[in-house]
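Spelled out, the chains give:
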Amino acid sequence: MSETRSTLGKIGLAALTLGACALLAVALLGGTELVTRDRIASARAQAERDALALVLPPSRYDNDITTDRISVIAPGWLGDDEPLSVWRARRAGEPAALVLQMVARDGYAGAIQLRLGVDVDGRVTGVRVVEHKETPGLGDPIEAERSDWILSFDGKSLQLPAAEKWTTRRDGGEFDQFAGATITPRAVVHAIRRALEYVERHGHTLYAAPNDSQLEHADAP
């Protein structure tokens, strides 16, 4: 009987030890997951800030632009039927600029995804191509890494140049096309013009909408 009790005691002790180890492992995993989750979230937020800084210098606002954000559905203006992000930049609580996701649907090889910064006066603060499938060597000068063409929009507005000049030089406009490629730059220029017109018409609602809300604008240019 005493031998049986001893065996049972050992089994019980082993079970308690195993249970304690399991609880410790769960606690360690939980703590690691919590720390990792915070670090991942922080890294993502920083990556987002870095991407936004390419089209809107951080010196132009003092709020946390990554959290002052809404989504919009405005296919006629921004070129996509799906919700697109709009980040709101503010200075001392007042509107300073917007950064919009947008799409040029009529690229040579399909949709061209863009990010556009527009200040409160309607001037372009920067444009970057986020993704495209244009022909290498012909359409890819829209990338800032390959050409400074995309920088030619900085400081432009619907008044500079006039709206009718928002097209390529081949079409009588203000903006250069590429050698052997007109469709790609034309698509980008027209998309930016539509986005500027969108901000001109709906900018006040974009700034005023509650954070994390979604707006829908079914009108079109």
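*Asks:* Outline the sheet that holds strand β2 (residues 84-91), supporting the account with residue identities and numerical values.
*Replies:* Hydrogen bonds between backbone groups are what pair the strands of a sheet, and the pairing can be parallel or antiparallel. Strand order in the open sheet formed by six strands is β5-β4-β3-β2-β1-β6, and the pairing between neighbours is mixed. Edge positions in the sheet fall to β5 (124-131) and β6 (214-216), since each of these pairs with one other strand and no more. Shown here is a sheet whose adjacent strand axes are inclined to one another by a mean of 25°, direction ignored. Pairing analysis gives six bridges linking strand β4 (residues 110-119) to β5, with the strands arranged antiparallel. By the bridge assignment for β5, Gln113 is matched with Glu131. Here helix α3 (residues 183-208) sits on the sheet and contacts β1 (69-73), β2, β3 (94-107), β4, β5 and β6; the angle it forms with β3, its principal contact strand, is near 145°.

*Asks:* Could you give an account of the layout of surface pockets, with specific residues and numbers?
*Replies:* Here the largest pocket is characterised by a volume of approximately 190 Å³. Forming the boundary of the largest pocket are 13 residues, of which Val120, Asp121, Gly122, Val199 and Glu200 lie nearest the centre. Classifying every residue of the lining of the largest pocket gives five nonpolar, five polar and three charged.

*Asks:* An account of the packing of aromatic side chains is needed here, citing residue identities and associated values.
*Replies:* Centre distance and the angle of the planes are the two values used to describe a pair of aromatic rings. Here the structure, examined in full by the defined rule, presents six aromatic pairs. Ring centres 5.9 Å apart and planes at 35° place the aromatic pair Trp77 and Tyr198 in the tilted group. Pair noted here: Trp77 is in helix α2 (residues 75-78) and Tyr198 is in helix α3, with a separation of 121 residues, a long-range link. Between Trp166 and Phe175, the aromatic rings sit 4.9 Å apart at their centres with planes inclined by 40°, giving tilted as the arrangement. An identical accessibility class is assigned to Trp166 and Phe175; each is buried. The rings of Trp149, Phe153, Trp166, Phe175 and Phe178 are connected pair by pair, giving a single aromatic cluster.

Calculation criteria
Residues numbered from 1 in each chain as written. Predicted model: local features only at pLDDT ≥ 70, side-chain atom pairs only at ≥ 80, totals over all residues. Heavy atoms only, no water. Pairing = 2+ DSSP bridges. Helix = DSSP H or I, 4+ residues; strand = E, 2+ residues; numbered from the N terminus. Axes fitted to C-alpha atoms, helices over the stretch in contact; angles between N-to-C directions. Contact = heavy atoms within 4.5 Å. 1 Å grid on protein atoms, 1.4 Å probe; cavity = no way out; pocket = protein on both sides within 12 Å on 5 of 7 lines; lining within 4 Å. Points joined across faces, edges and corners; volume = space filled by probe spheres on them. Nonpolar A, V, L, I, M, F, W, Y, C, P; charged D, E, K, R; others polar. Phe/Tyr/Trp six-rings, centres within 6.5 Å; stacked < 30°, edge-to-face > 60°. Buried < 20%, exposed > 50% of the residue type's maximum accessible area, 1.4 Å probe, protein only.

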